[in-house]
Amino acid sequence: MTLRYIPIDTETARAIRAGAPDANGQPAERAVSDGSGNPCRHCLCDIPEGEEMLILALRPFPEAQPYAETGPIFLCAKDCAPWQGDGPPPVLTRGGEDRLVKGYDAQNRIVYGLGRVVPVPGLDDQVARVLADPRVVYAHIRSSTNNCFTCWVERD
């Protein structure tokens, strides 16, 4: 199975940069990246040290519902190109914290029994296992310690 890693869409990134409210109805906060652990959810690369970044709440689901988790994310303050590569993006290939993988069905509900916290080297295998379940339409990869959304993954 080929996996397709999907960042937040460009329209959402542009709207937030232009001052649109986040999932909590607030404007994004501005900060400066320390170069460590500040992955942009659009380019899926770490925001370089000294670069301005946005911090906001994201609910990566089409509508509010009990399973639509909201959490903090980072976004490059400047325009950046969306991740479009084969295999895992840069933020998922470096070492560091383990990741949480969850599968969701066509109604955007968690498919129970599939969620796992896995080390980065085992990420692709776990995502493939989750997406092999016929009930699963897509998966989320999240921070295992802070539950921050990283990206979607779908079958290609």
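A brief structural summary. (Residues numbered from 1 in each chain as written. Predicted model: local features only at pLDDT ≥ 70, side-chain atom pairs only at ≥ 80, totals over all residues. Heavy atoms only, no water.)

### A few points about the overall build of the chain
Here is step 1: From N to C terminus, the chain includes two helices and eight strands.
Here is step 2: Along the chain, from the amino end to the carboxyl end, the secondary structure elements read β-α-β-β-β-β-β-α-β-β.
Here is step 3: Taken over the C-alpha trace, the chain has a radius of gyration of 15 Å; the compact-globule value for 156 residues is 15 Å, and the two agree within 12%.
Here is step 4: Counting only C-alpha atoms, the chain reaches 40 × 35 × 25 Å along its principal axes.
Here is step 5: Considering the chain as a whole, with its 156 residues, one finds that 46% of them fall into the buried category.
Here is step 6: Taking the intrachain contacts of the chain between residues at least 6 apart in sequence as the baseline, contacts between residues at least 24 apart amount to 62%. (Helix = DSSP H or I, 4+ residues; strand = E, 2+ residues; numbered from the N terminus. Rg over C-alpha atoms; globule rule 2.2 N^0.38 Å. Buried < 20%, exposed > 50% of the residue type's maximum accessible area, 1.4 Å probe, protein only. Contact = heavy atoms within 4.5 Å.)

### Brief notes about helix α2 (residues 123-132)
Here is step 1: All buried positions along α2 are accounted for by Leu123, Gln126, Val127, Val130 and Leu131. The buried side chains of α2 occupy one side of the element, clustering within an arc of 130 degrees when seen end-on. Within α2, the exposed residues directed more than 90 degrees away from the buried face are Arg129 and Ala132. (Arc of directions from axis to C-beta.)

### Some details on the sheet that holds strand β4 (residues 71-76)
Here is step 1: Read across the sheet, three strands follow the order β2-β3-β4 without closing on themselves; strand pairing throughout is antiparallel. Two strands lie at the open edges of the sheet, namely β2 (29-32) and β4, each paired on one side alone. Here the strands of the sheet are splayed against their neighbours by 35 degrees on average, with no regard to which way each runs.
Here is step 2: Where strand β3 (residues 52-58) and β4 come together, six bridges link them in antiparallel fashion. (Pairing = 2+ DSSP bridges. Axes fitted to C-alpha atoms, helices over the stretch in contact; angles between N-to-C directions.)

### What to know about the environment of Ile73
Here is step 1: Residue placement: Ile73 occurs in strand β4.
Here is step 2: Taking relative accessible area as the criterion, Ile73 reaches 1% and is therefore assigned buried.
Here is step 3: Excluding anything up to four places from it in sequence, Ile73 contacts Ile8, Arg41, Leu54, Ile55, Leu56, Leu58 and Phe149.

### Describing the pattern of salt bridges
Here is step 1: Enumeration according to the criterion identifies eight salt bridges in this entry.
Here is step 2: Ionic pairing is found between Arg4 and Glu154, a salt bridge with its closest N-O pair at 2.6 Å. Of this pair, Arg4 sits in strand β1 (residues 3-6) while Glu154 is found in strand β8 (residues 149-155), placing the two residues 150 residues apart along the sequence.
Here is step 3: For Arg4, a relative accessible area of 37% puts it in the partly exposed group. (Salt bridge = Lys/Arg side-chain N within 4 Å of Asp/Glu carboxyl O.)

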